[in-house]
Every structure is written in structure tokens, then in C-alpha cells.
Amino acid sequence: MSKNFKKNAVIFFGSPRENGFTAKLTEKFMMRTNEFYNFVKFSAYKEKIKPCIACGFCNSITTCIYKDFEKIDCLVKKSDTIIIASPIYNMSLPSPLKSVIDRMQPYFASQIFHKENLFNCKEAILILTLGSKNKSASKLVRQQLKPVLNSLNAKILGQIVWENTDRVKEIDDFTQKNLEKIIKLITNKN
Ligand SMILES: Cc1cc2nc3c(=O)[nH]c(=O)nc-3n(C[C@H](O)[C@H](O)[C@H](O)COP(=O)(O)O)c2cc1C
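Remember, predicted model here, so these are calculated numbers, not experimental data. Here the residue index of a chain counts from 1 through its sequence in written order. Confidence filtering applies because this is a predicted model: local features only for residues at pLDDT of at least 70, side-chain atom pairs given and counted only at 80 or more, and all residues used for totals across whole chains, interfaces and linings.

## Topic: the overall build of the protein
The condition that has to hold: Under the DSSP-based scheme used, a helix requires at least four consecutive residues in state H or I and a strand at least two consecutive residues in state E, with every element numbered from the N terminus. Here a residue counts as buried when 20 or more other C-beta atoms sit within 10 Å of its C-beta, as exposed when there are 12 or fewer, and as partly exposed otherwise, the C-beta atoms being derived from the backbone. Contact between residues is assigned whenever the C-beta positions, reconstructed from backbone atoms, fall within 7 Å.
When helices and strands are counted, the protein shows 7 helices and 5 strands. Sequence-ordered secondary structure for the protein, helices as α and strands as β, is β-α-β-α-α-β-α-α-β-α-β-α. Overall, the protein is about 50 × 40 × 25 Å in size when its C-alpha atoms are taken along their principal axes. Within the protein, buried positions represent 37% of all 190 residues. In the protein, of all internal contacts separated by at least 6 residues, the share reaching a separation of at least 24 is 82%.

## Section: the pairing of strand β2 (residues 37-43)
Note the threshold: For two strands to be treated as a pair, DSSP must find no fewer than two bridges joining them. Call a crossover right-handed when, viewed with both strands pointing away from you, the route from the first strand across the helix to the second goes clockwise.
Pairing of strand β1 (residues 7-13) with β2 involves 7 bridges; the strand directions are parallel. Within β2, the residue paired with isoleucine 11 across the bridge is lysine 41. Handedness of the crossover joining β1 and β2 through helix α1 (residues 21-33): right-handed.

## Thoughts on the nonpolar core
What tends to happen in soluble globular proteins is that the nonpolar side chains get buried as a cluster. Cut-off, in case you're wondering: Nonpolar core, as used here: buried Ala, Val, Leu, Ile, Met, Phe, Trp, Tyr and Cys residues forming one set through C-beta atoms within 7 Å.
Judged by nonpolar contacts, the single largest core of 47 residues is most densely connected at Phe12, Ile83, Ile127 and Leu152. Setting aside residues no more than four positions away along its own chain, phenylalanine 12 makes contact with Phe42, Ala44, Ile83, Ile84, Leu97 and Val100.

This is how it looks when you write it as C-alpha cells:
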């Protein structure tokens, strides 16, 4: 792919720490792939998106009763690639990022109630960090993200996991291999 045809990638960033492990891994990914993507970072802790209140407004019209949905909607509509970059908290996503995910309910409602597919095929990439070596944690998060990615018509291209951050303070071989694998996929695809 020529540099003139970069994909638009939105990074939904879930860490409160701007220089933490997730930020480091995300930066590294961005540096290695910036010839393929125009990145926009949406930091869930900074944006303070309201949680979904299940009011049912989006069941009849594909938007949200809260205005702050517009920011999310605009980024999602412009993107070819959805990147979820987050630490794992209690086998799940930190609550501000979970709120962003839950606020994508209008897309789900659109599929279910209006039988409308809003999006052309997107790709999704997961960048996850966690303190332990618990393999089931990242599997669980991937599982949790499936419904929303499905309503965005986004297929997971791959994931980069930096586990054991309680002990491993620099990107190790395991994480580096993960990173190289996905870069190869991106390079071959483009
Ligand atoms: C509230 C909280 C919950 C956490 N829950 C888990 C967990 O369930 N499993 C795990 O392995 N690590 C857990 N961790 C550790 C973080 O996932 C880990 O430190 C992560 O790399 C932090 O990323 P950051 O530096 O980008 O913030 C938790 C940390 C916090 C603060």
C-alpha cells in the first residue's frame, strides 16, 4: 500500500496512565506501522464518556440520547481499523473504556431492530497488557469484545499481549514476537 493510501485507525485507549505499559506498547506498534495508518487516539479516561443507561432511545433511531456519542460515532464512521489498547482490570476492561464500548449499542440496535448493516468491513487489533500471566484473561476480553466488533463489522486481525507486567518491566521476547506477527500480517495485507 502506498503512503498516500493510509488506512484510518482509531485507538480506543483504556489506560489512565499516559506512560504506562499499554502506552509503551501502543507507541511501539504505532511507530512500526505508521506507514500504513493515520492514527487518532481516543483516551477513555480523558473523554469521560457517560455510561449507557439502557433507555432504549437507540432502538428506534441509530443514535444516542446523550450528545457525547457524536464523538465516538464520528471516529467509528471514519475508521477502517479499530484498535482497542487497554490494560486488563479484573479480567475485563477498565470502566471508562467499558462505557465507551457499551455506548456503541446504537450499532447493535441498528442490526437487530432495523436489519441494517452500517459499516463496510473493518479490521480490529487488540493491544492488551496485564500484570499476571493468566492466559484466560486476554481470551476473556477478546470474547467480551466480540459482540461490539460484530456490530461494527470488524474482524480481529490479531492481538498483541504484554503479560506479566508486575514483573516484566520491558517488552520481552514473547510480546515482541506477538508484535512482529501482527506487523507481518499488516505488511502482507497491504
Ligand atoms: C484495578 C486493577 C485491576 C487489575 N486487574 C488485573 C487482572 O485481573 N489481571 C491481571 O493480570 N492484572 C490486573 N491488573 C494489572 C494491570 O493489568 C497491569 O498492571 C497493566 O499492565 C497496567 O497497564 P498500564 O501501565 O497501561 O496502566 C489490574 C490493575 C488494576 C489497577
